[in-house]
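Analysis of the macromolecular model
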Amino acid sequence: MRSLRTGLSLASLLAGAALVCTAPAAHAADPPLRDLAAAKGKVVGTAVTGSKLTGTYGDLAGAQFSSLTPGNAMKWGSVEPTRGGFDWTEADKIVAFAQAHGQQVRGHTLVWHSQNPSWLTNGSWTPAQLGSLLQNHISTEVGRYKGKIAAWDVVNEPFNDDGTYRADLWYDGLGSGYIANALTWAHAADPDAKLYINDYNVEGVDAKSTALYNLVKSLKQQGVPIDGVGLQAHLILGQVPSTLQQNIQRFADLGVDVAITELDVRMALPADSGKLAQQAADFRSVVAACVAVTRCVNLTVWGFADSDSWVPSTFPGYGAATPYDENYAPKPAYRGIAEALGGTTTTPPPPTGACTAAYSVSSQWDSGFTGQVRISCSGASLASWKVSWTYGAGQRVTQAWNATCAQSGAAVSCSNASYNGAVPDGGSVTFGFNASWSGGNPVPTVTLG
Ligand code: 9MR
């Protein structure tokens, strides 16, 4: 470990800092995806992790997308981990970020078989108790964000692949009527939010999507408030269903909106140029199918960068499923989306590359925390580096390792140690620090260079 050196002047930090990195430039000349989508009457979104909404991740999430979906932050297990013990921190953060960036929020999700708190799943409930727990949950969460959520994935993944109802906590305890009740309770809590049923493997016309179709039709006939269906679209390279547009259209013809809610296209690793070109074609055809149907209103990717994707941990050997690589450089898939939204089809000049710095808190206790900053390069390299940030809530760095850090007032500067200044193209360097905090510990924006 290296100790914090205080009183180090900025000049001495700057001396010897030979930065050769440049800002991401691959799409600089093109309008961002959100502008292209708006010109087509569409909203384009991404799932996000609240704690990452800073630095390059935050810049891209804010600039490129007009809708955010909390990837995990609004799930029951996240917001009420103990009975009556609520934690809205990450969800609030995402909603505030979206409001600050003029973005919609898709609330995800109120009723699901997964990621429920253990007090709920381990409990033993009568149907009346279970129904009342669900009603309270929906009223509380939807009520909290009333007026701030464009659409809720009210019910998530209610079907098996053969079109029968999934036997889960809700179906087993309450029968299929839980779906109509959940929609009705959500509508009561926020009459302006669009209410969706969301599922996977319902992108093409098949038994599962037909079960969803029949359910939506019957709910509409009964006057249950249902506004849309979400087609998750967790796809495999080269396997976009040929009936995707036809399927979107048949839901639209029922009088509901359609959203592509969780688009990603996974491939066997390692990626190569042929696979990335196929992936671009896959993204292009999904987006084109949505563009072709007026009622397909929102197209959301499930994480915009490969470093923020659920795929590698769930499907070992698979990954590279999103439009940006692990260093936030746009992939051919990004162009596939842009082109289907009417962006230029000419190949842009090759990226000049970028180095970026990402700040994260790895653990936090009463009065202190441990943080780290990762400096990564793609298409560029560094001979030495310096990162700086400004603390917004009085945090103080007390100790650093693998870097030399100095803090003056709220301003922190850290430069490389003698042995880790070089960051090669495709590589990264991480340094860590301890710091004190009280009152709050907001994540600062980190500047490299
Ligand atoms: O992206 C989510 C991941 O971080 C979680 O570990 C995972 C747990 O099941 O849930 C992921 O999101 C899921 C979404 O909520 C519903 N559709 C499938 C998504 C991928 O698993």
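For the structure itself, consult the block above.
In this report, we go over the structure that sits alongside the text.

Thresholds, definitions, all that
- Residues numbered from 1 in each chain as written.
- Predicted model: local features only at pLDDT ≥ 70, side-chain atom pairs only at ≥ 80, totals over all residues.
- Heavy atoms only, no water.
- Near = heavy atom within 4 Å.
- Polar contact = N/O pair within 3.5 Å; in protein donor to acceptor, adjacent residues only side chain to side chain.
- 1 Å grid on protein atoms, 1.4 Å probe; cavity = no way out; pocket = protein on both sides within 12 Å on 5 of 7 lines; lining within 4 Å.
- Sits in = over half its atoms within 2 Å of the grid points.
- Nonpolar A, V, L, I, M, F, W, Y, C, P; charged D, E, K, R; others polar.
- Core = buried A, V, L, I, M, F, W, Y, C linked by side-chain atoms within 4.5 Å.
- Buried < 20%, exposed > 50% of the residue type's maximum accessible area, 1.4 Å probe, protein only.
- Helix = DSSP H or I, 4+ residues; strand = E, 2+ residues; numbered from the N terminus.
- Contact = heavy atoms within 4.5 Å.
- Points joined across faces, edges and corners; volume = space filled by probe spheres on them.
- Pairing = 2+ DSSP bridges.
- Salt bridge = Lys/Arg side-chain N within 4 Å of Asp/Glu carboxyl O.

1. Description of the site of the ligand
Taken together, Asn-72, Lys-75, His-108, Trp-112, Gln-115, Asn-156, Glu-157, Gln-232, His-234, Glu-262, Trp-302 and Trp-310 form the complete shell of residues around the ligand. Between the ligand and the protein, one listed contact pairs an oxygen atom with a side-chain N or O atom of Lys-75 at 2.7 Å. Separating an oxygen atom of the ligand from a side-chain N or O atom of His-108 is a distance of 2.7 Å. Its atoms largely coinciding with the cavity grid, the ligand occupies the largest pocket. When its residues are assigned to classes, the shell around the ligand shows three nonpolar, six polar and three charged.

2. Thoughts on the nonpolar core
Soluble globular proteins tend to pack their nonpolar side chains together in the buried interior. Core analysis: the biggest nonpolar cluster contains 91 residues, and Ile-260, Leu-263 and Phe-304 have the highest contact counts within it. In terms of residue count, the dominant contributor to this core is helix H9 (residues 177-189) (eight residues). When neighbours within four sequence positions are excluded, Phe-304 is seen to be in contact with Thr-46, Tyr-57, Leu-60, Ala-61, Phe-65, Thr-322, Pro-323, Tyr-324 and Tyr-328. If you look at the next biggest cluster of nonpolar residues, it comprises 27 residues, including Val-373, Trp-389, Val-423 and Leu-448.

3. Points about the layout of surface pockets
What the largest pocket holds in volume is close to 560 Å³. Lining the largest pocket are 27 residues, and of these Lys-75, His-234, Glu-262, Trp-302 and Trp-310 sit closest to its centre. Listed by contribution, the elements that provide at least two residues to the lining of the largest pocket are strand S1 (43-48) and strand S8 (257-268). For the lining of the largest pocket, a count of residues per class yields seven nonpolar, 13 polar and seven charged.

4. Topic: the environment of Leu-33
Tracing the backbone shows Leu-33 in helix H2 (residues 33-39). The exposure class assigned to Leu-33 is buried, which follows from its relative accessible area of 1%. Separated by 33 residues in sequence, Leu-33 and Ser-66 have C-alpha atoms that sit 8.4 Å apart. Beyond its immediate stretch of four places on either side in the chain, Leu-33 contacts Val-44, Gln-64, Phe-65, Tyr-334, Ile-337, Ala-338 and Leu-341.

5. Some details on the pairing of strand S12 (residues 368-378)
Most of S12 is tucked away: nine of the 11 residues are buried. Of the strand pairs in this sheet, strand S11 (residues 354-364) and S12 are connected by 10 bridges, and their pairing is antiparallel. When the bridges of S12 are listed, Gln-364 appears paired with Phe-369. Bridge analysis of S12 against strand S17 (residues 428-436) gives nine bridges, and the strand direction is antiparallel. Paired with Ser-376 across the strands is Ser-428, a residue of S17.

6. A short note on empty space enclosed by the protein
Summed over the entire model, instances satisfying the criterion amount to one cavity of 30 Å³ or more. Each pocket or cavity is described by its volume, and for the largest cavity that value is around 40 Å³. Around the largest cavity sit Lys-75, Trp-76, Thr-109, Leu-110, Val-111, Trp-112, Ser-114, Gln-115 and Asn-116, which together line it. For the lining of the largest cavity, the per-class residue count stands at four nonpolar, four polar and one charged.

7. Structural notes on the pattern of salt bridges
When their charged atoms lie close together, side chains carrying opposite charge are able to pair. Within this structure, the stated rule accounts for nine salt bridges. We note a salt bridge from Arg-144 to Asp-92, for which the minimum N-O separation is 2.6 Å. A residue pair is termed long-range when its members are at least 10 positions apart, and Arg-144 in helix H7 (residues 127-144) and Asp-92 in helix H5 (residues 89-100) qualify at 52 residues. Residues Arg-295 and Asp-257 are paired through a salt bridge, measuring 2.9 Å at the closest nitrogen-oxygen approach. With Arg-295 in the loop between helix H12 (273-291) and strand S9 (296-301) and Asp-257 in strand S8, this pair connects stretches of sequence that are 38 residues apart.

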